[in-house]
Amino acid sequence: MPSEDIPCAALLLAEDLEADMDVLDRLRRDGVDLRDRLDDQRAGLAALGDDLPDEAPRWAYYPWSRIAVRILGPAGFDRLRLDRNRNKITADEQARLRSAKVGVVGLSVGYAVAYTLALEGPAAHCVSPISMSSNCPT
């Protein structure tokens, strides 16, 4: 498969959706490497003192590496991944920031800002950097 045909984003499959599980079965038959990280993540969430959210686990399929990983559902995954923000950004602020759309322009400082936003979790929508070319209005 040519590299331009490989999607550049993970495909998320919910265990409570039959159509998604059909896709996972097809991936399994095609020899995709399946890795289960759910128990480790549940243990991490329990170590934070949190109850497990009542939501179905997900499978994140990374087509460029032919790996599917079983992970917590969205609420549990966000809680575990963003715990480091606990004393910087409140849970309500994190929820509000996740619904924001952020555009970042610039190749050096812009990259650092976009990278930090991705790590900290507030930007749910990514906007590609704008190229300063003849396509830009003057």
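Residues numbered from 1 in each chain as written. Predicted model: local features only at pLDDT ≥ 70, side-chain atom pairs only at ≥ 80, totals over all residues. Heavy atoms only, no water.

Asker: Would you mind going over the pattern of salt bridges in detail, with residue names and values included?
Answerer: Following the criterion strictly, the structure yields four salt bridges and no others. One salt bridge connects R70 with E15, and the closest N-O pair in it is separated by 2.5 Å. With R70 in strand β4 (residues 67-71) and E15 in the loop between β1 (11-14) and α1 (18-29), this pair connects stretches of sequence that are 55 residues apart. Residue class for R70 comes out buried when judged on its relative accessible area of 19%. Accessibility expressed as a relative area gives 26% for E15, which makes it partly exposed. Across the pair R35 and D33 runs a salt bridge, and its minimum N-O distance is 2.8 Å. Accessibility expressed as a relative area gives 33% for R35, which makes it partly exposed. According to the relative accessible area criterion, D33 is partly exposed, its value standing at 33%. (Salt bridge = Lys/Arg side-chain N within 4 Å of Asp/Glu carboxyl O. Helix = DSSP H or I, 4+ residues; strand = E, 2+ residues; numbered from the N terminus. Buried < 20%, exposed > 50% of the residue type's maximum accessible area, 1.4 Å probe, protein only.)

Asker: Residue-level account of the packing of aromatic side chains, with values.
Answerer: One pass over the full model with this rule turns up one aromatic pair. Plain terms: the ring middles of Y62 and W64 are 5.6 Å apart, the flat faces sit at 65° to each other, and that makes the pair edge-to-face. The exposure class of W64 is partly exposed, given its relative accessible area of 46%. (Phe/Tyr/Trp six-rings, centres within 6.5 Å; stacked < 30°, edge-to-face > 60°.)

Asker: Tell me about the side chain of Q41, residues and numbers included.
Answerer: For Q41, the location among the structural elements is in helix α2 (residues 38-47). Accessibility expressed as a relative area gives 14% for Q41, which makes it buried. Filtering out sequence-adjacent residues up to four positions away, Q41 remains in contact with I71, L72, F77 and L80. (Contact = heavy atoms within 4.5 Å.)

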